[in-house]
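Reading the structure
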Amino acid sequence: MLHTLAEVSTDTIVNAVTGLVTAWAPMILLALLTLVIGWKASHWIGALIGAQLKRHEVDPSLIPFLTSLVAAILKAGVIVSAISTLGVEATSFAAIFAAMGLAVGMALSGTLQNFAGGVVILILRPFKVGDVIEAQGYTGKVGEIRIFETVLLTPDNKMIHIPNGKLQNDCLVNYSTMEDRRVDFTFGIGYDDDIDSARDVIRGVIDTYAQVHKDPEPFIKVGELADSSVNFTVRIWANAADYGDLYFGITEDVKKALDKAGISIPYPQQDVHMRQVG
């Protein structure tokens with residue numbers, strides 16, 4: 001009798017499992033297919049939209065943001081569609097999202113802040129793709145403005161990811177906004193050297209660079225009587241794009257010109273006076 005009951009129970013369980021598999025397998029398979037195909041389609045549509053935006057010469061700052069936003073919305077729709085395929089009614093999502101709204105909002109507060117920061121950046125335009133900025137302790141060229149972050153490319157070819165929330169809420173320096181930029185130098189000469197001769201040498205080097213603006217004129221004045229040198233403060237104006245070439249080029253050429261003119265650039269030194277007592 002017990003053996004018969006056991007066989008009946010086993011048959012019942014097997015039949016129940018078989019019935020569940022038969023009933024759910026097609027829906028699960030369809031949901032998985034929907035998820036896989038929809039996920040790949042989201043990437044494809046996002047790339048297609050990005051290509052069309054580039055074709056119509058849309059601002060490069062907007063393209064990564066819009067394409068990633070569209071892809072994210074499509075992926076969310078794919079997930080909802082996959083779950084709906086399992087028989088869950090769409091109206092149930094509203095109740096689920098409402099119940100989880102507070103918890104999700106608190107958990108994703110930083111992410112939502114970064115998203116809002118990205119929107120504000122695209123509206124106020126403190127910088128755009130291609131600008132050189134300094135923010136959060138990093139300096140580099142803006143490579144992309146994404147939904148949640150901005151990508152900087154540093155001069156030594158590092159990729160820096162900075163959350164948009166921090167960029168929007170903190171100070172940043174944009175070196176590309178203004179067309180012109182001032183280039184500052186400090187050149188030191190010895191106390192025994194002639195100031196006017198040194199000034200003429202520095203001015204002669206500057207005049208060889210066509211990129212230097214004539215208005216305002218270069219500023220070359222003694223700015224400091226330091227411990228071991230007389231320091232010239234030199235300021236010139238040029239296009240922002242020429243900053244690096246002028247800074248390094250003039251620095252090297254002034255050193256060579258001062259050496260050729262016999263004007264010393266002294267090492268840091270101290271004079272020690274010894275007295276004999278008694």
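Just above, that's the structure.
First, a word on scope: everything that follows refers to the structure included in this document. (Residues numbered from 1 in each chain as written. Predicted model: local features only at pLDDT ≥ 70, side-chain atom pairs only at ≥ 80, totals over all residues. Heavy atoms only, no water.)

Read from one edge of the open sheet, 3 strands run E6-E8-E7, paired in antiparallel fashion. Every interior strand has two partners, whereas the edge strands, strand E6 (180-189) and strand E7 (219-225), have only one. On average, each strand axis in the sheet is inclined to that of its neighbour by 25 degrees, with strand direction left out of account. The pairing of E7 with strand E8 (residues 230-239) spans 6 bridges and is antiparallel. From the neighbouring strand, Phe219 faces E8, where its bridge partner is Arg235. Seen against the sheet, helix H6 (residues 195-207) touches E6, E7 and E8 and runs at an angle of roughly 20 degrees to E8. Across the sheet, helix H7 (residues 243-260) is in contact with E6 and E8; its angle to E6 comes to roughly 20 degrees. (Pairing = 2+ DSSP bridges. Helix = DSSP H or I, 4+ residues; strand = E, 2+ residues; numbered from the N terminus. Axes fitted to C-alpha atoms, helices over the stretch in contact; angles between N-to-C directions. Contact = heavy atoms within 4.5 Å.)

With that settled, the discussion passes to the packing of aromatic side chains. Tallying each qualifying case throughout the model produces 5 aromatic pairs. Ring geometry for Phe185 and Phe187: centres 5.6 Å apart, planes at 15 degrees, overall stacked. Note on Phe185: relative accessible area 5%, which makes it buried. Overall, Phe187 belongs to the buried group, its relative accessible area being 9%. Put simply, the rings of Phe185, Phe187, Tyr243, Tyr247 and Phe248 pair up and form one aromatic cluster. Its end group placed over the ring of Tyr243, Arg181 keeps NZ or CZ at 3.8 Å from the ring centre. Between Arg235 and the ring centre of Phe219, over which it is positioned, the NZ or CZ distance is 5.4 Å. (Phe/Tyr/Trp six-rings, centres within 6.5 Å; stacked < 30°, edge-to-face > 60°. Buried < 20%, exposed > 50% of the residue type's maximum accessible area, 1.4 Å probe, protein only. Lys NZ or Arg CZ within 6 Å of the ring centre and 35° of its normal.)

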